[in-house]
Structures are given as C-alpha cells and as structure tokens.
Amino acid sequence: MPLDFRRADSVRDAAEVLAADPTARFLAGGTILMRLVNGNAGALQRLVLSDGLGLDRIEIASGRATIGAAATMAAVAAHPQLAFLKPVAEAIGGPAIRNMATVGGNLFARSPYGDFAVALLALGATATVEDAHQAETIDLASLLAARTRAEARIVTSVAFDLPEPGAFRFAKAIRRQPHGATVLAIAAALPEVNGKLSDVRVAYGAMAPDPIRVPAVERALEGRALDEAAIAAAAKVAAEGCQPQSDAIASGWYRKNVVSVHLRRLLAPQR
Ligand SMILES: Cc1cc2nc3c(=O)[nH]c(=O)nc-3n(C[C@H](O)[C@H](O)[C@H](O)COP(=O)(O)OP(=O)(O)OC[C@H]3O[C@@H](n4cnc5c(N)ncnc54)[C@H](O)[C@@H]3O)c2cc1C
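Note that the structure is a prediction, hence the values are computed from the model and not measured.

Q: In this structure, what is going on with the pattern of salt bridges? I would like to understand it.
A: Two side chains that carry opposite charge are able to pair once their charged atoms sit near each other. The tally for this structure, following the rule as stated, stands at 14 salt bridges. Here Asp 4 ties to Arg 46 by a salt bridge, and the two come within 2.6 Å at their closest N and O atoms. Here Asp 4 is found in strand E1 (residues 4–7), whereas its partner Arg 46 is found in strand E3 (residues 46–49), with 42 residues between them in sequence. With a closest N to O distance of 2.6 Å, Arg 213 and Glu 218 form a salt bridge. Overall, the relative accessible area of 35% leaves Arg 213 in the partly exposed class. The exposure class of Glu 218 is buried, given its relative accessible area of 11%. What you see here is one network of salt bridges that share partners, running through Asp 4, Arg 6, Asp 21 and Arg 46.

Q: How should I be thinking about the side chain of Thr 182 in this particular structure?
A: By the secondary structure assignment, Thr 182 is in the loop between strand E9 (168–173) and strand E10 (184–189). A distance of 3.1 Å separates a polar atom in the side chain of Thr 182 from the backbone oxygen of Pro 112. If near-sequence neighbours (up to four positions away) are discounted, Thr 182 is found in contact with Pro 112, Asp 115, Lys 172, Ala 173, Gly 205, Ala 206, Ile 249 and Arg 255.

Q: Would you mind showing me how to read the site of the ligand here?
A: Residues in close proximity to the ligand total 29 residues, the closest being Phe 26, Gly 29, Thr 31, Leu 33 and Thr 102. Note that an oxygen atom of the ligand is positioned 3.0 Å from one of the side-chain N or O atoms of Asn 106. Val 155 is positioned with one of its backbone polar atoms (N or O) 2.9 Å from a nitrogen atom of the ligand. Here the ligand has 980 Å² of accessible area as a free molecule, and 91% of this is covered by the chains. For the ligand, the cavity whose grid points lie within 2 Å of the majority of its atoms is the largest pocket. Of all the secondary-structure elements, those providing two or more residues to the shell around the ligand are helix H2 (33–39), helix H6 (103–106) and strand E8 (154–161). A per-element tally of the shell around the ligand places H6 first, with 3 residues. Taken together, the residues that form the shell around the ligand break down as 15 nonpolar, 10 polar and 4 charged.

Rules used throughout
- Residues numbered from 1 in each chain as written.
- Predicted model: local features only at pLDDT ≥ 70, side-chain atom pairs only at ≥ 80, totals over all residues.
- Heavy atoms only, no water.
- Salt bridge = Lys/Arg side-chain N within 4 Å of Asp/Glu carboxyl O.
- Helix = DSSP H or I, 4+ residues; strand = E, 2+ residues; numbered from the N terminus.
- Buried < 20%, exposed > 50% of the residue type's maximum accessible area, 1.4 Å probe, protein only.
- Polar contact = N/O pair within 3.5 Å; in protein donor to acceptor, adjacent residues only side chain to side chain.
- Contact = heavy atoms within 4.5 Å.
- Near = heavy atom within 4 Å.
- Areas by Shrake-Rupley, 256 points an atom, 1.4 Å probe, with all protein chains shown as cover.
- 1 Å grid on protein atoms, 1.4 Å probe; cavity = no way out; pocket = protein on both sides within 12 Å on 5 of 7 lines; lining within 4 Å.
- Sits in = over half its atoms within 2 Å of the grid points.
- Nonpolar A, V, L, I, M, F, W, Y, C, P; charged D, E, K, R; others polar.

Shown next, in the form of structure tokens:
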C-alpha cells in the first residue's frame, strides 16, 4: 500500500488525522520515524507533515525560552541565546542528522537516544501539547511518562526559564568519537543562592527506559555549597533508583557502575 503524506492546515487538523487513524504518525525530522516506516512494511500508512505548521520558531523573552517542537538541533546549536544548549544539540548525531532531528522528535526517542529530553528535564521544562480538542501545557516529566499513549497528541513547543550563566551542565558518555549513541547522559541545573545550591535538578539519560530525574542526587546537593564533600555525597547515591537497560552500547551493569564517575566529573569545578 502506498504511503499517504498529509499536509494539515493547523495543528488541530493534524491531530484529528492522527486521532482518526492508528496507522498515521506525525512526521518531524524523520530520523527515527522513517526507519520504522521502512522496517514495518504497511504498518504505518499515513504521515502527517509537521512543516508549514509554524512549529520551528525559537523565542526568548523575559528570561524564558520557548522552542518550537519542529526546531532542529542545528537551529538550537546556532541560536546565540541558547549557547548553553549547544553542547547538548551538538552531541546528537552528526551534522546531517542535526539538520533534520527536531526537539519534539527527541522527546519520543527511546533509550539510549533522547539526549535533548534529558537536558530539558534538568531545565524544568514544560511542554505544550495539542490534540483534536484542546491545547494544554504540562510538565515534561508527565509527557515522557505518558508518551506511549501520546500518538494523537502533538507537542507544539517546550519552554523553560533560562539558567544563570554557568548554572547548567551537560555530559554524555559515548564509546566512539566524535559522536555516538549514549552510554549515559547527565544534565544538571545548579543554581546557587548565597553560595548554596538551591532548586537543584539533575536528570539522566540511558539510566532507565526513559530520561529520569534523580531525586537522591538532588537531595544530596540541595542547600549545600558545591564542594568536595557535597560532590562525594552525590556520587555515593548516583545510581539510586536507576534501572538502566542493556543494549548494544553498554550493559545495564556497566552503566550503573560508571554513573558516579561521570557525575563526579560533571559536578567538579569547571576549568
Ligand atoms: C545516525 C543517527 C544518530 C542519532 N544520534 C542520536 C543521538 O546521539 N542522540 C539522540 O538523542 N538521538 C539520536 N538519534 C535519534 C534522533 O535523530 C533524535 O532523537 C531526533 O531528535 C528525533 O527527532 P526527529 O524529528 O527526527 O523525529 P521523527 O523521526 O520525525 O519522529 C520520532 C517520533 O516522534 C514523534 N514526534 C515527532 N515530533 C513530534 C511532535 N512534535 N509531537 C508529537 N510527536 C512527535 C513521531 O511521530 C515519531 O513517533 C540518532 C538517529 C540517527 C539515525
């Protein structure tokens, strides 16, 4: 059966097509979806195009960033006011992938992919989603938890407060330079008030089936100066609550054993 490409006039129209047809999918950059289409002959029959819906805008206003779901990793990396996210965007695939891969698509990528979603979790991002009936803004963690049922909902944008300079850190361990799938990824928002960490958010990628926040590490750091003692306390509980999967990149056992090393490096004074 030939593949049917649909261009919708609005996000709502696109959501209606998705709701009416379980074989329809929303096509963003296609770096994941087209593999599925090619590998599942006939199972996915209709693709609803995201271009033309105005979802690729990036807006920065009053200290808050709103990134359209169809903004690409290349666009994020090139944005002068999102320089702190450049290392995250540039950790995703090579240049050809980054020219296509979108922020919205990354929220639906399965472990070990989803590096941008890890950064967004640490930034405390919200996601605006729209279905055939309504638009709503929800916590990113709830979106990630419910995304198997999210096929008929379209993410239109993500938003977060810009971190203070130097307060956001990201690290991704890979096996093959210059880029590769994630052994594990860590993002941390480390705001300080009067020299003490306040409202710490730490998120991991590839340490569970979905990107996760790490409450044990956050508790170990909250309210403390980011010194050697705090870093040691965080490293001690680095793997708490994690259930990493084994895949072609690394075993779950390996991930669990090395996460504290990478967390220590991320939290150490930056040169
Ligand atoms: C060679 C290669 C290397 C890669 N390396 C990495 C890497 O290092 N790190 C990483 O994180 N990922 C990596 N990826 C995976 C992928 O490129 C990224 O995760 C990318 O961000 C996915 O976005 P996309 O626009 O291509 O998604 P698509 O393939 O278009 O869509 C993926 C899924 O998300 C759904 N979707 C897309 N946008 C929306 C939306 N706005 N609302 C609702 N549903 C939506 C689609 O329907 C589909 O189910 C790699 C892929 C390849 C092929």
